[in-house]
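Structure at a glance
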Amino acid sequence: MKKIDCRGLSCPEPVIMTKRALKEDSEVAVTVDSRVPMENISRFARALGIEPVIVESDGEWTLTLKK
Amino acid sequence: MTLVKDKRNLILTGVAIGIISVALVLLGNPGNMGFCIACFLRDIAGAVKLQTAGVVQYVRPEIIGLILGSFIISLLKGEFKPRGGSAPITRFFIAFMVMIGALVFLGCPFRMVLRLAAGDLNALVALAGFASGIAIGCYFLSKGFSLGRARTQTKSEGVVLPASTILLFVLFIAVPSIFAFSTSGPGSMHAPIIASLAAGLIVGIMAQRTRMCMVGGIRDVILVKDWTLLGGFIAIFASALVMNIATGKFNLGFAGQPVAHSQHVWNFLGMLVVGLGSALLGGCPLRQLVLAGEGNTDSAVAVLGLIAGAAFAHNFSLASSAYSATSVGGPSIYGKVAVIGSIAILLAIASINTFIKKREA
């Protein structure tokens, strides 16, 4: 599983990084610290037919996407 | 939120924003200028005498409302999270150039949509330039362009810009004599203060909730084939179009449009600067105001860059003049040089933050 850290990055960078990571690995865990990239990555994943598993802790979200 | 719900909320918001925008014109705002982030920040720069073009000076309550609407709703929803430190000075100058581009076209992306909805075909030329600019920005973004990470800031740092807009509004109401106000031209035309403020607050709240962004709409389609944000854009256009036709404000053509000119090359290139610059900033001027309200200090710096750009644009004759009975309007030679220079500088900033940074990493 590929892990990417998108904390502090604003859109669209987290989505682009997620897209790139999904090309390299079938399972990706993305960490973000803001609601907007969390929503955008979720939307991007659902558009691909992937239901993201989202874990929130302490103002950060980790989304696990599995192709 | 599901895909369908996202889209529905954005479309409903867009419809409401289109109606409010045309209503502001009916209440007194200049033609096709229910909202224009560029024009209104420029008018504020004029009111506080950072620029002294007599026809564009007014404290626009819409801007104050937009920032405060976003500020209030983000506080209520627990989304007020001050953060910043992602290349603030670079952002200041990108925003500065975005404003120059907008004032060569005579409108921000928001007003471009409103002009289009009133039949102003010059805005169609500008839209082509805007989309081209975003496409160039997307090229750099897909190659790894980044202005770096933002970090958490203190609450007080995040409150500075919203608080200063409250101060501006209080001074505007209490001691209007300290400001400069246009007695003729677009700056003299405005809806009643309470209507402008309320419109700004409502649109600010809605834009914060839906993350509405004119640049994000086109960008998401290009980068990830996601049409959600663009739906809001199209809804504003459609509802303003219906409103304009219903109230007799629709006039299809290039010539004689309010606060506009038909220098096609410069409408195209001006909005190319806006599209490219905004794509690098991560959002259009409206989105920068909304993010600043959420405590994003990088966006607050961008707002200050927009204001500074407006002041320079008028002090150094970079802004276009509008079509009138005596003039075809358009940018001066200074404005043309500034647009070309801005494109070159933005491409340099984009290249440096895409390719050279990668080598350093």
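Overview of the structure. All chains use their own residue numbering, which begins from 1 and follows the written sequence. Chain letters start at A and ligand numbers start at 1, both assigned in the order the entries are written. Given that the model is predicted, a residue must reach a pLDDT of at least 70 before its local features are reported, and side-chain atom pairs must reach 80 or more before they are shown or counted; all residues, however, enter totals for whole chains, interfaces and linings. In computing side-chain properties, one takes all heavy atoms of the structure into account and sets aside hydrogens as well as water.

Topic: the nonpolar core
Side chains of nonpolar character tend, in soluble globular proteins, to be buried together. Residue and element names in this part refer to chain B. Residues belong to one nonpolar core when they are buried, are Ala, Val, Leu, Ile, Met, Phe, Trp, Tyr or Cys, and are joined through side-chain atoms within 4.5 Å. Working definition: with a 1.4 Å probe on protein chains only, accessible area under 20% of the residue-type maximum means buried, over 50% means exposed, and in between means partly exposed. Ranked by internal contacts, the top residues of the largest apolar core, which has 126 residues, are Phe35, Ile37, Phe110, Phe130 and Met214. No other element matches helix 4 (residues 88–105), which puts eleven residues into this core. Each residue touching methionine 214, except ones within four places of it in the same chain, is listed here: Pro109, Phe110, Val113, Phe130, Phe233, Ile236, Cys284 and Leu286. The numbering of helices and of strands both runs from the N terminus, where a helix is a DSSP run of H or I of at least 4 residues and a strand a run of E of at least 2. Residues are treated as being in contact if the distance between any of their heavy atoms lies within 4.5 Å.

Quick word on the interface of chain A and chain B
Frequently, the measure chosen for interface size is the accessible area that the parts lose on association. Each side of the interface is counted separately: chain A has 24 residues, and chain B has 27 residues. By buried area we mean the combined loss of accessible area, with a 1.4 Å probe, across both parts when two parts are placed together. For the chain A and chain B pair, buried surface summed over both sides reaches about 1900 Å², with 47% attributable to carbon and sulfur atoms. Here, a salt bridge means any Lys or Arg side-chain nitrogen found within 4 Å of an Asp or Glu carboxyl oxygen. Run the count over chain A and chain B and you get seven salt bridges. Between A:Asp33 and B:Arg83 there is a salt bridge, with the nearest N and O atoms lying 3.2 Å from each other.

Examining the pattern of salt bridges
Across all of its chains, the model carries 17 salt bridges over all chains by this definition. In this structure, A:Arg7 and A:Glu60 form a salt bridge, with 3.4 Å as the shortest nitrogen-oxygen distance. Pair noted here: A:Arg7 is in the loop between strand 1 (2–5) and helix 1 (13–24) and A:Glu60 is in strand 4 (residues 60–66), with a separation of 53 residues, a long-range link. Residue classification places A:Glu60 among the partly exposed residues on the basis of a relative accessible area of 27%. One network of salt bridges, in which partners are shared, links A:Arg35, A:Glu39, B:Glu79, B:Arg209 and B:Arg211.

Looking at helix 3 (residues 61–76) of chain B
All names here are of chain B. With 16 residues, helix 3 should reach 22 Å at 1.5 Å per residue; the first-to-last C-alpha distance of 22 Å fits that figure. Burial analysis of helix 3 places 13 of its 16 residues in the buried class, which makes it a mostly covered element. Just downstream of helix 3 lies glycine 78, where phi reads positive at about 70°. One fewer than the residue count of a helix, multiplied by 1.5 Å, yields its expected span.

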